[in-house]
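# Commentary on secondary and tertiary structure
Residues per chain, in single letters:
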Amino acid sequence: METPSPTPPQDNSAGPAAAEQRRGFLAQAISLVLGTVTLLVPAVVGIVSFLNPLRQHGQAGRFMRLTSLDVLPEDGTPRKFPVIADRTDAWNRFPNEPIGAVFLRRVKPDKVEALQVVCPHAGCSIQYEATDDGGKFFCPCHSASFDLSGKRLDETSPSPRDLDTLDVKVESDGEVLVKFQSFETGTAKKVVKA
Amino acid sequence: MKALFRWIEDRSGCSAVLRGCLESPVPGGARWSRVWPCAILFSFCVQAVTGFFLWTFYSPSAQTAWESVYFVQHEVVGGWLLRAVHHYSAQVLLVLIGVYLIQLIVTWRYRAPRELVFWVAVLMGLFTLGLMLTGDLLAWDQNSYAATQVRVSFLTLIPGIGGGLFKLAAGGPAFGHLTLTRFLALHIGLFSAIFAVLLVLHGLLLRRTDAAEAAAGGKAAPFWPQQALRNAVANLAVLVVVLLLALQHGMSGDHAGVALGAPADPDPSSFYAAARPEWAFLGLYEFSNLFPGELKIVPIFLVPGLLVCVVFLMPFIGRSPAGHWFNVGFTAVILIGIVALSFRSLAHDRANKEHQAALAEGHQQAERVRQLARAPSGIPATGALTLLRNDPKTQGPILFKTHCASCHDYLDAEGQGIAAEESSAPNLHAYGSRQWLSGLLDPKRITSPQYFGNTKFRKGDMAAFVRDSLNDLDDEEKTDLQKAIAALSAEARLRSQQEVDAKQSSQIAEGRDMLDDFFGCTGCHRFHDKGQLGSAPDLTGYASGEWLMGIIGNPAHKRFYGDENDRMPAYAEFPDEPAKNQLTEQQLGLLVDWLRGEWYDE
Ligand code: FES
């Protein structure tokens, strides 16, 4: 709490009393300012470092080779591929760690679609489920389901948006490259995790 | 002695303060209904004491947090009890504050001049929730990691600043070391300190209002000893409840105290699918599930925020009796709502097969990591997660499901195991064992779906050979076939067959010769120095680790099926360019070890 401050005399007459009151006010103002500044300096120093994470950014999306075309079934059944890359955690760097996964699906003989496995609802990992009418994706956490292109199937889906598609490049030699990115969960808009 | 007390008293005046406290009047006399604040103080002290000792063991980093908690739970004498008392007294603390708040509301003890007493109590409740949320993560096991990540991700729902808030809470763009250091600092530094200040403040305010009430007349009695006695009994009751909760799973064994799940896995594709919030948040959780995904901000922030605002405004709303009845009704509705929703959530999960399966898998992994941590090699510096990631027993089924189970079954005789999406290749359970080979070399079974039935080899030379040459064997031939099978199976050096292999060494030696000259396998297959490569798989070292790595890596290699390969993909076709392979050397090794049943067992 503040230091007890003497209450200024409630005297409005001019003269030495007024001068004393002025001096008293000055002392109060200065001690308040000094107190605040001395407390503020360490606090600001601390808070500036505390805000450091704001300047930290996640992995920028870049094209990575995941597989080759002939591995993907021609009937359009999706296959899951882990994404292996270096991962940084504060002061540590972990080489070649699994950092996520992607479902790849052949939609035309030389065209591939890629979906993030992370459910846009709360971040679970979606699963593929073979069904009579060609299969669907299913989230084990709160039972959201999606068709093979990633569209939501439930009338009211826990997921705020369809599954996140990723950019795919198919090279002439049949290598499949995917621009791997992560997105915020829970938001209706697809926002890249920055 | 007396002189010493005098000396201290002269300089501190503490006995006067103490006497002031003990003699402070309790309006209406000593009552059982007045025990709550003291019980809250007591539970918080239990928290502080047990928390301090837990802190002396705790190491906040992504590679050591779970590990240090594991150490407390399973290695430190009485550590499990320490954790359990800390955990359950937190739950009890929350309940006590809840009951106390309800009591204040129902008995109209939040109105003037007790507004501050009430508000401080509400703040204590909120900070208890904060302490629970921050404390929960520290164990860094699957559930606490996943549930906390979900909660912290809710911050991104806040328009504009959400992303920044997430980073501030997590200490970076993703969960990791700095999330733990931050949560630990918030938990034991900030929130505990604020809670302690609130507690003191609450005591002072309460004393002041009580004194005023007593001074205004009516019956009153000093705190000491009648009320103090009641408080002491209440605290004893609290302690007994905490101990009963802590001991509910027994006093020894892996499950004593509070469960510790498998270590958190930061790989988003291994997100723990059975994650659920702690009981206190289950109602809110279920409530949020009533809303479609786009409107999450309503149940997560707006509604709870509004409710808390109403609670803070209660002293104003409740100035008139009508307002008071509104407050009581409002509290009742919220309480009933929370309880009903919590039960609904539990019922949902109980009926949800996927959830139960995910839960069971989580338990299995927790059990497995305990076994591995207890193995002579212990927990490596890279953390316990490495134990699971390098464990064939854990990773094998996962790899098999993703890469092999589109065609292959892995089912035992009872049909348990992993069923193929569309069974179109041999069942690989117990591959290479005597029993597996007996089926392959059985004219009735080789063309069944268990073996070559759904492959092009159904019409191949091997099937024809088995059908024609191994049909109608007499007893002696049957024994010879057994010997040949033993010889072939011995090539695999399976751990499960170590004993039989040693016992049957002479039969195996005979069988080896028979494979060559009696059954004529080497007409197509190579077997050690007999036969040629190129027309059928090499039987030298058949089903051994090296052999399996080879055939899965590239079945179309001339050592295996060559041009005859059916549809089996090559998983490691480019030994010189590992980046191009579908499976890394390590994954392949895990898969093969699992197929061969080679993993650490207690
Ligand atoms: S995380 Fe997928 S439905 Fe909730």
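Worth saying up front: this structure is predicted, and the values here are computed from it rather than measured.

Turning to the overall build of chain B, a few remarks are in order. Check the secondary structure of chain B and you find 23 helices and 4 strands. Here chain B has a C-alpha radius of gyration of 34 Å; the compact-globule value for 602 residues is 25 Å, and the former is much larger. Along the three orthogonal principal directions, the C-alpha set of chain B runs to about 115 × 60 × 45 Å. Long-range pairs, those at least 24 residues apart, make up 66% of the contacts in chain B with a sequence separation of at least 6. Total accessible area on chain B is roughly 29,300 Å²; 64% of this is exposed by carbon and sulfur atoms. Counting 49 positive and 56 negative side-chain charges, chain B places the averaged centre of each group 16 Å from the other.

As a further point, take the interface of chain B and chain A. At the junction of the two partners, chain B supplies 40 residues and chain A supplies 51 residues. Taken together, both faces of the contact between chain B and chain A bury some 3,700 Å²; the carbon and sulfur share is 57%. Viewed at the interface, chain A and chain B are joined by 2 salt bridges. For the salt bridge of Arg152 of chain A with Glu294 of chain B, the shortest nitrogen-to-oxygen distance reads 3.0 Å. Our count for the contact surface shared by chain B and chain A stands at 15 residue pairs in polar contact (both at pLDDT 80 or more).

Another point: the nonpolar core. Residue and element names in this part refer to chain B. Of all hydrophobic cores here, the largest spans 53 residues; its most connected members are Phe400, Tyr431, Leu440, Tyr542, Ile552, Leu591 and Trp594. Here this core gets 8 residues from one element, more than from any other, and that element is helix H19 (residues 475-492). Not counting residues within four places of it along the chain, the set of residues in contact with Ile552 comprises Met568, Pro569, Ala570, Tyr571, Ala572, Leu588, Leu591, Val592 and Leu595. With 38 residues, the next largest nonpolar core counts Ala39, Ala84, Val117 and Leu198 among its residues.

About the criteria used
- Residues numbered from 1 in each chain as written.
- Chains lettered and ligands numbered in written order.
- Predicted model: local features only at pLDDT ≥ 70, side-chain atom pairs only at ≥ 80, totals over all residues.
- Heavy atoms only, no water.
- Helix = DSSP H or I, 4+ residues; strand = E, 2+ residues; numbered from the N terminus.
- Rg over C-alpha atoms; globule rule 2.2 N^0.38 Å.
- Contact = heavy atoms within 4.5 Å.
- Areas by Shrake-Rupley, 256 points an atom, 1.4 Å probe, with all protein chains shown as cover.
- Lys, Arg positive; Asp, Glu negative; His and termini not counted.
- Charge placed at Lys NZ, Arg CZ, Asp CG, Glu CD.
- Buried area = accessible area lost by both parts, 1.4 Å probe.
- Salt bridge = Lys/Arg side-chain N within 4 Å of Asp/Glu carboxyl O.
- Polar contact = N/O pair within 3.5 Å; in protein donor to acceptor, adjacent residues only side chain to side chain.
- Core = buried A, V, L, I, M, F, W, Y, C linked by side-chain atoms within 4.5 Å.
- Buried < 20%, exposed > 50% of the residue type's maximum accessible area, 1.4 Å probe, protein only.

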